[in-house]
Amino acid sequence: MNCIFCKIINGEIQSKKIYEDEKVYAFYDINPEAPVHFLVIPKEHIISANEISEINSNIISHIFLVINKLVRELGINKEGYRIVNNCGELGGQTVDHMHFHVLGGRGLKWPPG
Ligand code: 5GP
Ligand code: ZN
């Protein structure tokens, strides 16, 4: 499949891996928007949050458990951080394989642009 995140999961494209298990893969964003900026993706090719259903929604709780572990390991849990999912064109999604951004290490503004 011609998906850059599937290629990252299978090693065809190099990435700075932080964590991997049978269901998810976490790696640093190539174009970081904060001192800490990583992505957590399901190994299953789910296009976006629009494709979450009763059948596959357990991946979401697993992703949040992994984020909870990684933010503690990376030392950003106490100061705080932001979890972002961009969905679809107006949501700013540029890679059509669902991913959760985790941004930390600086103050983040709200509302987003
Ligand atoms: P989106 O805009 O879809 O929410 O986020 C896609 C993210 O993937 C962007 O922040 C972008 O920098 C990151 N990205 C795109 N291609 C690659 C890549 O080949 N490697 C890594 N590590 N990140 C990528
Ligand atoms: Zn994919």
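Up top you'll find the structure we're talking about.
Now for a look at the structure at hand. As the structure is a computational prediction, the values presented were derived from the model and not from experiment.

Moving on to the site of ligand 1. With respect to spatial proximity, 16 residues lie near ligand 1, and among them Asp29, Asn86, Thr94, His99 and His101 are the closest. The contact in question runs from an oxygen atom of ligand 1 to an N or O atom on the backbone of threonine 94, over 2.7 Å. Between histidine 101 and ligand 1, the recorded distance is 2.8 Å, taken from a side-chain N or O atom to an oxygen atom. Considered on its own, ligand 1 offers 510 Å² of accessible surface; in the complex 83% of this is hidden by protein. Secondary structure elements with two or more residues in the shell around ligand 1: helix H1 (4-9) and strand E2 (24-28). With three residues, H1 is the single largest residue contributor to the shell around ligand 1.

Glancing now at the pairing of strand E5 (residues 100-104). Taken residue by residue, a regular strand's side chains alternate between the two faces of the sheet. The element E5 is largely enclosed, with a buried count of five among its five residues. Alignment of strand E3 (residues 36-42) against E5, held across five bridges, turns out to be antiparallel. Pairing of histidine 37 across the sheet is with leucine 103, part of E5.

Before going further, it helps to examine the sheet that holds E2. Spatially, the five strands line up as an open sheet ordered E1-E2-E3-E5-E4, and their pairing is antiparallel. Each edge of the open sheet is held by one strand with a lone partner, namely strand E1 (17-20) and strand E4 (81-84). Neighbour-to-neighbour, the strand axes of this sheet turn through a mean angle of 15 degrees, independent of strand direction. Sheet strands touched by helix H2 (residues 58-73): E1, E2, E3, E4 and E5. Its angle to E3, the strand with the most contacts, is close to 150 degrees.

Donor atoms from the polypeptide that coordinate the zinc ion (ligand 2) comprise Cys3 (SG), Cys6 (SG), His45 (ND1) and His97 (ND1), at 2.0 to 2.3 Å from the metal. Coordination geometry of the zinc ion (ligand 2): the four donor atoms subtend angles of 103 to 116 degrees at the metal centre, consistent with an arrangement described as tetrahedral. Each donor residue of the zinc ion (ligand 2) belongs to the same chain, with the gaps between them written as C-x2-C-x38-H-x51-H. Residue class for cysteine 3 comes out buried when judged on its relative accessible area of 7%.

The subject of this paragraph is the packing of aromatic side chains. In total, this model carries three aromatic pairs according to the counting rule given. Between phenylalanine 5 and phenylalanine 27 the ring centres are 5.5 Å apart and the planes differ by 80 degrees, which places this aromatic pair in the edge-to-face class. Of this pair, phenylalanine 5 sits in helix H1 while phenylalanine 27 sits in strand E2, and the two are 22 residues apart along the sequence. The buried category is assigned to phenylalanine 27, whose relative accessible area is 4%. Measuring from ring centre to ring centre gives 5.7 Å for phenylalanine 64 and phenylalanine 100, while their planes differ by 75 degrees; the resulting arrangement is edge-to-face. One end of the pair, phenylalanine 64, is in helix H2; the other, phenylalanine 100, is in strand E5, with 36 residues separating them in the sequence. Grouped by ring-pair contacts, the aromatic residues Phe5, Tyr25 and Phe27 constitute a single cluster.

Basis of the calculations
- Residues numbered from 1 in each chain as written.
- Chains lettered and ligands numbered in written order.
- Predicted model: local features only at pLDDT ≥ 70, side-chain atom pairs only at ≥ 80, totals over all residues.
- Heavy atoms only, no water.
- Near = heavy atom within 4 Å.
- Polar contact = N/O pair within 3.5 Å; in protein donor to acceptor, adjacent residues only side chain to side chain.
- Areas by Shrake-Rupley, 256 points an atom, 1.4 Å probe, with all protein chains shown as cover.
- Helix = DSSP H or I, 4+ residues; strand = E, 2+ residues; numbered from the N terminus.
- Buried < 20%, exposed > 50% of the residue type's maximum accessible area, 1.4 Å probe, protein only.
- Pairing = 2+ DSSP bridges.
- Axes fitted to C-alpha atoms, helices over the stretch in contact; angles between N-to-C directions.
- Contact = heavy atoms within 4.5 Å.
- Donors = N, O, S within 2.8 Å, 3.2 Å for Na, K, Ca; no water.
- Tetrahedral: all angles 85-135°; square planar, octahedral: opposite > 155°, others 65-115°.
- Phe/Tyr/Trp six-rings, centres within 6.5 Å; stacked < 30°, edge-to-face > 60°.

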